[in-house]
Amino acid sequence: MGNRHQTLRTFFRVLFVIATLGLVSSPLTSSSQGFATDLDGKPADPFRMAQGKVVVLIFVRTDCPISNRYAPAIQQLSDHDAGKAAFFLVYPSKKETSETIRKHDRDFGYTLAALRDPQHILVKQSQAQVTPEAAVFDDKRHLVYHGRIDNLYQDFGHARKTATTHELADAIAAAIAGKTPSGNAAPAVGCYISDLE
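Residues numbered from 1 in each chain as written. Predicted model: local features only at pLDDT ≥ 70, side-chain atom pairs only at ≥ 80, totals over all residues. Heavy atoms only, no water.

### Some remarks on the pairing of strand β3 (residues 54-59)
Okay, step 1: In terms of residue burial, β3 counts as a mostly covered element, since six of its six residues are buried.
Okay, step 2: Of the two faces of β3, the one carrying Val54, Val56 and Ile58 and the one carrying Val55, Leu57 and Phe59 are both buried.
Okay, step 3: Pairing between β3 and strand β4 (residues 85-91): six bridges, direction parallel. Bridging across to β4, Val56 finds its partner in Phe87.
Okay, step 4: In this sheet, strand β7 (residues 133-137) lies alongside β3 in antiparallel orientation, the contact comprising five bridges. (Buried < 20%, exposed > 50% of the residue type's maximum accessible area, 1.4 Å probe, protein only. Helix = DSSP H or I, 4+ residues; strand = E, 2+ residues; numbered from the N terminus. Pairing = 2+ DSSP bridges.)

Next up, the structure:
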């Protein structure tokens, strides 16, 4: 009888520990793993929002001159592939408010969905290091490209008159066609996200 009572007590302790861990880990998976948010402060998962399309995340900042110079090219890419890929501007700065971002988007003619990523959840998933930098995920949520938009900038402060390679456009086209982009991604040139820490 004593052994059975001891076994039952151990069993209930184990159940209690499992239940407690379950209660603790549920919120942690949603909030500490975290989400980006939309500009209304609601959690936003670009992969769910994309509904099975290729996902293109473009990391930008309101105060990065290189990022701002790319606004027309980013908008043009988005317009070109809007039916086949879901595009999102991702703002990784903790200091940029939703109002600041809305104004920035209006000033630069953006019509893409904008997300805030102050916890750098999407930054880490995309392996992004600078703004502007792009990440392309296929329809199975695999990261298939991350890096520069094109080769307009050779280095900070050194730009060509026009880009001669278009890595992001090529990566999007490959992902939409169900192929893996060819070649290695070239590092992006811009404002370091690590400076925001």
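### Some details on the state of the cysteines
Okay, step 1: For the structure on display, the rule yields one disulfide.
Okay, step 2: Between the sulfur atoms of Cys64 and its disulfide partner Cys191 the distance amounts to 2.3 Å. For the disulfide bridge between Cys64 and Cys191, the dihedral angle about the S-S bond is near 90 degrees, and by the sign convention the bridge is right-handed. Residue Cys64 is found in the loop between β3 and α3 (65-69), and its partner Cys191 is found in strand β11 (residues 191-192); the two are separated by 127 residues along the sequence. (Disulfide = S-S within 2.5 Å.)

### Topic: the confidence of the model for the chain
Okay, step 1: Per-residue confidence for the chain gives a mean pLDDT of 83; residues scoring 70 or more make up 81%.
Okay, step 2: Per-element averaging of pLDDT across the chain places helix α1 (residues 2-32) at the bottom with 36 and β3 at the top with 98.
Okay, step 3: The low-confidence segment residues 4-33 (pLDDT under 50) makes eight contacts with residues lying over four places distant or belonging to another chain. (pLDDT = per-residue confidence, 0-100. Contact = heavy atoms within 4.5 Å.)

### Some words on the nonpolar core
Okay, step 1: Counting residues in each nonpolar core, the largest one holds 32 residues, and the members touching the most others are Val56, Ile58, Ile74, Val136 and Leu168.
Okay, step 2: Of all the elements in the fold, those that place two or more residues in this core are β3, α4 (71-81), β4, β7 and α7 (167-176).
Okay, step 3: Residues within four places of Val136 in sequence aside, it is in contact with Val54, Val55, Val56, His142, Leu143, Val144, Tyr145, Leu168, Ala171, Ile172 and Ala175. (Core = buried A, V, L, I, M, F, W, Y, C linked by side-chain atoms within 4.5 Å.)

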